[in-house]
Amino acid sequence: MVGLRGCYRTALEFCKLLLSLDPDTDPLGVLLMIDFYALRSTQYSFLIRIFNEWESHRHLSQLPNFAFSVAVAMFHESGSGTREDEHLAQRADNLLKKGLLQFPSILLPLVDRCGVVMPPEISTHTFFAKEGPSSELPGLKQLIGLYIERTHSVWKEPEVLTWLEAVCRSALKDVDAKAPVVETYRKVRLARYQGTPRNILRHIIVSDLPNVTAMLPADVANSAIMMYDPLPPEDSYSSYSRPERRTVAGASRAGLLSLFLQSIVPSYNPQAPAGSNEEAVGLQAAAQAIAGAGAGGEGGAAGALQNILAALRLHLAPQAAGEGGEEEGEEEDAAVPIADDINNFDLDNLEFD
């Protein structure tokens, strides 16, 4: 999101931070975008330095974005005309030429995305035309699509396009001469990019580039993906999962009744072990009887209701006796009608559906 707002230097610093957290596995595929933000923020020396330091053990030149972006960074850094810069310019030519021989299918889609047409001797050459994106393996096609969609803007500068055309002519000389390195790179492409690692698939999802997400495998594209954690590792576990509630038999039928009994007797707990609360034993037994009386007819429900009334009498009797003083008399007066109502309750006229 920071990069989409044009804050390229800030986005580059975020990439450095994310990469430093796990540089070995790079779970978010930061190496696939750090070159773009380095170029857009003109941090050419940083991109060249990370390439020089990591190439020996991470083989960054096997990623299309580094094979081309580092060459562009060297091209921009070699603008002062000193001897050191001339050496850097030669390295830029060699690196771009190597990138074109390694990934020939990137050229025509890249210039087409830039709205530029290459000369016919380049655009119609079988090396670039025949080795198009449709001929590439899915893994390599996804990497190339990511680079073109994200980084095509850095190739629109006139001096960069002129340089690209000159290097393309030099690369085609090696192709026409059937240099052994051309066949070597072709075999490497067929052997190295057989599948797409999970972190690259995760990076494609997070990047949300429509032309690239369309290249996702069917099993990934059709699966449910949570954007807060896209494609978690297969051996991952969630530390925030809510424990499952243990259901009580008959809870659905006795739920309203339990709430009613709890409103009368706060100490009543339908899940408490039998006998753990002497005041609520009768209520608990009656509630369980009603919960299981769905198929028992009128007798089962009426008997359970009698048990409830008997338990209420036992519970309300101490309240009617009171705790002493004037309050005791008032409580006794208030409790008597309730007890009378319960004692006079007529079960003969009850109807059960």
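Residues numbered from 1 in each chain as written. Predicted model: local features only at pLDDT ≥ 70, side-chain atom pairs only at ≥ 80, totals over all residues. Heavy atoms only, no water.

## Regarding the overall build of the protein
When you go through the protein residue by residue, the secondary structure sums to 18 helices and zero strands. Here the protein holds 353 residues, and the buried ones make up 38% of them. Expressed as a percentage of contacts within the protein between residues at least 6 apart in sequence, the contacts between residues at least 24 apart total 69%. Per element, the accessible surface of the protein, about 20,800 Å² overall, is 53% carbon and sulfur. (Helix = DSSP H or I, 4+ residues; strand = E, 2+ residues; numbered from the N terminus. Buried < 20%, exposed > 50% of the residue type's maximum accessible area, 1.4 Å probe, protein only. Contact = heavy atoms within 4.5 Å. Areas by Shrake-Rupley, 256 points an atom, 1.4 Å probe, with all protein chains shown as cover.)

## Observations concerning the nonpolar core
Ranked by size, the top nonpolar core spans 73 residues in total, and within it Phe66 and Trp155 carry the most contacts. If we skip the residues at most four places from it in the chain, Phe66 touches Leu31, Ile34, Leu47, Ile50, Phe51 and Leu60. (Core = buried A, V, L, I, M, F, W, Y, C linked by side-chain atoms within 4.5 Å.)

## Concerning the environment of Ala92
With respect to the helices and strands, the residue Ala92 is situated in helix H5 (residues 83-102). Under the relative-accessibility criterion, Ala92 is labelled buried at 1%. Those residues in contact with Ala92, other than ones at most four positions away along the chain, are Ala71, Met74, Phe75 and Trp163.

## Quick word on helix H9 (residues 138-151)
For H9, with 14 residues, the first-to-last C-alpha span of 20 Å sits near the 20 Å given by 1.5 Å per residue. Counting buried positions along H9 yields 12 of 14 residues, so the element is predominantly enclosed. Along H9, the residues that are buried comprise Gly139, Leu140, Gln142, Leu143, Ile144, Gly145, Leu146, Tyr147, Ile148, Glu149, Arg150 and Thr151. Buried residues along H9 sit against helix H2 (34-40), helix H4 (64-77), helix H6 (107-113), helix H11 (180-192), helix H12 (198-207) and helix H13 (210-213). (Expected span 1.5 Å × (residues − 1).)

## Thoughts on the side chain of Glu149
In this structure, Glu149 sits in helix H9. At 3.5 Å, the side chain of Glu149 forms a polar contact with the side chain of Arg113. (Polar contact = N/O pair within 3.5 Å; in protein donor to acceptor, adjacent residues only side chain to side chain.)

## Let's talk about the confidence of the model for the protein
Looking at the protein, pLDDT values average 79 and 65% of them are 70 or higher. Least confident of the elements in the protein is helix H18 (residues 325-343), whose mean pLDDT is 47; most confident is H2, at 96. Across residues 294-298 the pLDDT falls below 50, and counting only partners more than four positions away or on other chains, this stretch makes two contacts in the model. (pLDDT = per-residue confidence, 0-100.)

## Side note on the pattern of salt bridges
Tallied over the full model, the rule gives eight salt bridges. Glu121 is paired through a salt bridge with Arg169; the nearest N and O atoms lie 2.8 Å apart. Residue Glu121 is located in helix H7 (residues 120-123), and its partner Arg169 is located in helix H10 (residues 158-176); the two are separated by 48 residues in the primary sequence. Among the residues examined, Glu121 registers a relative accessible area of 41% and is labelled partly exposed. Linked through salt bridges whose partners overlap, the residues forming this network are Arg9, Glu13 and Lys16. (Salt bridge = Lys/Arg side-chain N within 4 Å of Asp/Glu carboxyl O.)

## Some remarks on the side chain of Ser207
Mapped onto the fold, Ser207 is located in helix H12. Ignoring sequence-local partners within four residues, the contact set of Ser207 consists of Leu146 and Arg150.

## Things to note about the packing of helix H3 (residues 44-58) against H4
Following both chains from N to C, one finds H3 and H4 inclined at 130°, their axes separated by 9 Å at the closest point. With respect to H4, the axis of H3 lies oblique. As H3 packs across H4, the resulting crossing turns out to be left-handed. Contacts from Tyr44, Ser45, Leu47, Ile48, Ile50 and Phe51 in H3 reach Phe66, Ser69, Val70, Ala73, Met74, His76 and Glu77 in H4. The residue inventory of the contact of H3 with H4, partitioned by class, reads nine nonpolar, three polar and one charged. (Axes fitted to C-alpha atoms, helices over the stretch in contact; angles between N-to-C directions. Parallel < 35°, antiparallel > 145°, perpendicular 65-115°, else oblique. Left-handed = near helix turned anticlockwise from the far one by under 90°. Nonpolar A, V, L, I, M, F, W, Y, C, P; charged D, E, K, R; others polar.)

## Concerning unusual backbone geometry
One non-glycine residue, His59, lies in the positive phi region at around 50°. Within the secondary structure layout, His59 lies in the loop between H3 and H4. A relative accessible area of 45% places His59 in the partly exposed class. Of note in this structure, Leu231 is not a glycine but carries a positive phi near 50°. With respect to the secondary-structure elements, Leu231 resides in the loop between helix H14 (218-221) and helix H15 (251-264).

## Let's talk about the packing of aromatic side chains
Note on aromatic pairs: each is described by the distance of the centres and the angle between the planes. The full count for this structure, using the stated rule, is nine aromatic pairs. Here Tyr8 and Phe36 contribute two aromatic rings whose centre-to-centre distance is 6.0 Å and whose plane-to-plane angle is 85°, an arrangement assigned as edge-to-face. On the criterion of sequence distance, the pair formed by Tyr8 in helix H1 (residues 8-21) and Phe36 in helix H2 is long-range, its members being 28 residues apart. Judged by its relative accessible area of 22%, Tyr8 is partly exposed. For the pair Phe68 and Tyr147, a centre-to-centre distance of 6.1 Å together with 35° between the ring planes defines the contact as tilted. A residue pair is termed long-range when its members are at least 10 positions apart, and Phe68 in helix H4 and Tyr147 in helix H9 qualify at 79 residues. Residue classification places Tyr147 among the buried positions, given a relative accessible area of 2%. Each member of the aromatic cluster is reached from another via a ring pair, and the members are Phe68, Phe75, Tyr147, Trp155 and Trp163. Its end group placed over the ring of Phe46, Lys16 keeps NZ or CZ at 4.4 Å from the ring centre. (Phe/Tyr/Trp six-rings, centres within 6.5 Å; stacked < 30°, edge-to-face > 60°. Lys NZ or Arg CZ within 6 Å of the ring centre and 35° of its normal.)

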